[in-house]
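Architecture and fold: a report
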Amino acid sequence: PVMSVSAQTLSSFFFLEEQRNKVRFDCPRHGGESVADVLRAHGVKFVFTLVGGHISPILVACEKLGIRIVDTRHEATAVFAADAVARLSGTVGVAAVTAGPGLTNTVTAVKNAQMAESPLLLIGGAAATLLQGRGALQDIDQMSLFKPLCKFCASVRTVREIVPTVRRALAIAQSGTPGPVFIEFPIDTLYPYHVVEKEFAPKNTPKGLMGKIIAWYLQNHLSNLFAGAWETCDLSPLPVHIPHATEDEVQRCVELVSRAKKPVILLGSQATLPPTPADDALESLGIPCFLGGMSRGMLGKNSPLHIRQNRRDALKEADLVLLAGTVCDFRLSYGRVLNRQSKIIAVNRDRSQLLKNSDMFWKPTVAIQGDAGSFLLRLSKALKGHRCPEEWPRSLKEGDAIKEKANRAKADEKTERHLNPLSVLHRVDELLAEDSIIVADGGDFVGSAAYIMRPRGPIRWLDPGAFGTLGVGGGFALGAKLCRPESEVWIVYGDGSLGYSVAEFDTFTRHKTPVIALVGNDACWSQISREQVPMLGSNVACGLAFTDYHIVADGYGGKGYLIGREDESQLDDIIKKAQKECREGKAILLNALIGKTSFREGSISV
């Protein structure tokens, strides 16, 4: 036993000496610079943040390398903005927040990104490695919090781990089914050696055996923390894995499509993912399409193949349905809207999403775990010269025209008070710039906008996705404007959802990212009220006020307009004036007082 302890002590001594030999004691570099180096090598242009001391070295280093730091008024907004950048750029969006409450504030936004399949990197500060679990400021078990939400979680324990960990996280975020990843950086991995050493060093010369052992242990830990920190290493992106359909799967689908008389395609957001968005393939196939999520606008404003109305009826009649990144969840009544006599081709990168509810309500004829965009392109090439019978999309388009004429008639009806919300949305849609991006953040008013407003191209409609999160508006618009500064960015807000991110008008002003917010102000959480009142007989907690949100926008440096029934004849002029002022650099809020209509009556929010 005596010899064993001596051997251990000797081994530890040599390990300490070896680690000390790898430490550059006088080096002014810090771990934040390593993070910034990797981000720049991966083409990251923006880091969204709400500043905190735990992460300051990362922010300062990124700014020095030309990565734009965009600070928001809430950590959730920072993540939502990174999510929007990921969707619009096809790369990884990055957000950095401080430890503890900074990270807990992001949980909803990270979960939303997970369900929307957005590749983003969340960087979080943390207590020093030696102080975790000892009551340090803002110290909680962050890893347990984010493991269920992220594809990959890591806690960096030494400075030399930073580069390989960040490279790996960025590759994982984009591989397979894209999604969020999380890296925790203890504060002592980010600051320079001489700063960290001051915190580790004993205030007085250690006395006694125990004091010397503790001092030795701290020095050992510090040496290991910085050993090999600045050795040259590869910063370049790692390979990204994307699943693809096999040749046999594609050929089997070619045979099914070629025999179909009434096929339809349902496209989800996955069809917009890089490297092969599906838009080029759709015109060639000539199959009528229903577009959801970010695929809205993929066929342009007035395509004869884009069917917007009567989806349930079309699915009953279809003899083949191609689910291209579309999931049989609540949005398709868990698969119950699919005709059991139809042939069904399902394509999705995520196997659990690919087969969701197939054990109960529907069954795929062919299920392909692969990329939807590249699959559609291969399918169209294999079917070159073949087109869907033209009378089928024509008949669906005629049904569209009838339904939209009826919707337009509802927009011309007078409401009991204030403006008809459908009329407001129609007027805005008619005046939208061709390069517009529409951010959807709300319930009832936004639900109506989805039927009326027509995105002009792919990824020009940004909504939360399957999680149905309120509060995305400020962050999504911020990220969109930074990615596409030349585009006109609109946020369609309910008056309820506006409350989550109206403070970001301060961010729009400070960072010179002018957007236009259209607020449907009916003084109510109408999406809830429309079912709560008739079912339960009470409007409790649903009532709001016709608040002067336009004045709030003024206070944050933007420009607000109040629009009531008396302004109806000047509505077009107000919208055009707002567009002009936005081009000149002002963030605009249109506070439209709206009344109630019977449109979407019977829709539910659960």
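Residues numbered from 1 in each chain as written. Predicted model: local features only at pLDDT ≥ 70, side-chain atom pairs only at ≥ 80, totals over all residues. Heavy atoms only, no water.

Further remarks concern a positive patch on the surface. Among the surface-exposed residues, Arg311, Arg312, Lys316 and Arg336 lie close enough to one another that they form a single positively charged patch. Arginine 311 gets classed as partly exposed once you look at its relative accessible area, which sits at 33%. (Patch = residues over 30% accessible without salt bridge, like charges linked within 9 Å, V, L, I, M, F, W, Y side chains within 5 Å. Areas by Shrake-Rupley, 256 points an atom, 1.4 Å probe, with all protein chains shown as cover. Salt bridge = Lys/Arg side-chain N within 4 Å of Asp/Glu carboxyl O. Lys, Arg positive; Asp, Glu negative; His and termini not counted. Charge placed at Lys NZ, Arg CZ, Asp CG, Glu CD. Buried < 20%, exposed > 50% of the residue type's maximum accessible area, 1.4 Å probe, protein only.)

This part is about unusual backbone geometry. A cis amide bond, omega 10°, links proline 274 with the succeeding residue proline 275. Structurally, proline 275 can be placed in the loop between strand E7 (263-267) and helix H12 (279-285). The residue asparagine 357 is not glycine, and still its phi comes out positive at about 65°. Its place among the elements puts asparagine 357 in the loop between helix H14 (351-354) and strand E11 (366-369). Note on asparagine 357: relative accessible area 18%, which makes it buried. One non-glycine residue, alanine 523, lies in the positive phi region at around 55°. Mapped onto the elements of the fold, alanine 523 is located in the loop between strand E15 (516-521) and helix H22 (526-536). (Helix = DSSP H or I, 4+ residues; strand = E, 2+ residues; numbered from the N terminus.)

Scanning the model with the defined rule gives 22 salt bridges in all. Between aspartate 371 and arginine 349 there is a salt bridge whose closest N-O contact spans 2.8 Å. Of this pair, aspartate 371 sits in the loop between E11 and helix H15 (372-382) while arginine 349 sits in the loop between strand E10 (343-348) and H14; the two residues are 22 residues apart in sequence, bridging distant segments of the chain. Considered together, aspartate 371 and arginine 349 belong to a single accessibility category, that of buried residues. Across the pair glutamate 434 and arginine 456 runs a salt bridge, and its minimum N-O distance is 3.6 Å. With glutamate 434 in the loop between helix H17 (421-431) and strand E12 (437-441) and arginine 456 in the loop between helix H18 (444-452) and strand E13 (461-462), this pair connects stretches of sequence that are 22 residues apart. You can call arginine 456 buried: its relative accessible area is 10%. Connected via shared salt-bridge partners are Asp71, Arg73, Asp506 and Arg510.

With numbering matched to this structure, UniProt assigns "domain: Thiamine pyrophosphate enzyme N-terminal TPP-binding" (unreviewed entry) to residues 30-145. The span residues 30-145 is 46% helix and 18% strand, and its two end C-alpha atoms sit 27 Å from each other. (UniProt positions renumbered as here; feature names shortened; annotations may be inferred.)

Time to look at the environment of arginine 73. Relative to the elements of secondary structure, arginine 73 occurs in the loop between strand E2 (68-71) and helix H4 (75-89). For arginine 73, a relative accessible area of 44% puts it in the partly exposed group. Between the alpha carbons of arginine 73 and glutamate 504 there is a distance of 6.1 Å; along the sequence they are 431 residues apart.

Here the protein averages 92 in pLDDT, while 96% of its residues score no lower than 70. Residue range residues 1-5 is modelled with pLDDT below 50. Its contacts to residues more than four positions away, or to other chains, number zero contacts. (pLDDT = per-residue confidence, 0-100. Contact = heavy atoms within 4.5 Å.)

H18 sits mainly inside the fold: seven of its nine residues count as buried. Buried within H18 are the following residues: Asp444, Phe445, Val446, Gly447, Ser448, Ala449 and Ile452. Its buried side turned inward, H18 meets H17, E12, E13, strand E14 (489-494), E15 and H22.

With that settled, consider the sheet that holds E12. The strands that make up a sheet pair up through hydrogen bonds in the backbone, lying either parallel or antiparallel. Across the sheet, six strands lie side by side as E13-E12-E14-E15-E17-E16; this open sheet has parallel pairing. Of all the strands in the sheet, just E13 and strand E16 (559-563) have a single pairing partner and so form its edges. As paired elements, E12 and E14 share five bridges and run parallel to each other. In the strand pairing of E14, valine 439 is matched with isoleucine 491. (Pairing = 2+ DSSP bridges.)

Attention now goes to the packing of H17 against helix H24 (residues 571-583). H24 packs onto H17 with a crossing angle of 50° between their chain directions and a minimal axis gap of 10 Å. The angle between H17 and H24 falls in the class oblique. Viewed along their axes, H17 and H24 form a crossing whose handedness is right-handed. Contacts from Val424, Arg427, Val428 and Leu431 of H17 reach H24 at Leu571, Asp572, Ile575, Lys576 and Gln579. Split into classes, the residues belonging to the contact of H17 with H24 amount to five nonpolar, one polar and three charged. (Axes fitted to C-alpha atoms, helices over the stretch in contact; angles between N-to-C directions. Parallel < 35°, antiparallel > 145°, perpendicular 65-115°, else oblique. Left-handed = near helix turned anticlockwise from the far one by under 90°. Nonpolar A, V, L, I, M, F, W, Y, C, P; charged D, E, K, R; others polar.)

Turning next to the environment of phenylalanine 375. Structurally, the position occupied by phenylalanine 375 is in helix H15. It is 20 Å that separates the C-alpha atoms of phenylalanine 375 and arginine 87, two residues lying 288 residues apart in sequence. Contact partners of phenylalanine 375, with chain neighbours within four places excluded, come to Ala245, Val250, Cys253, Leu322, Ile345, Val347 and Ile368.

Cross-referencing UniProt, the feature "domain: Thiamine pyrophosphate enzyme TPP-binding" (unreviewed entry) maps to residues 441-581 in the present numbering. Segment residues 441-581 splits into 45% helix and 14% strand. End C-alpha atoms: 23 Å apart.

Attention now moves to a nonpolar patch on the surface. Taken together, the side chains of Leu209, Met210, Ile213 and Ile214 make up a nonpolar region of the molecular surface, amounting to roughly 430 Å² of accessible area. Structurally, leucine 209 is set in helix H10 (residues 208-226). According to the relative accessible area criterion, leucine 209 is exposed, its value standing at 67%.

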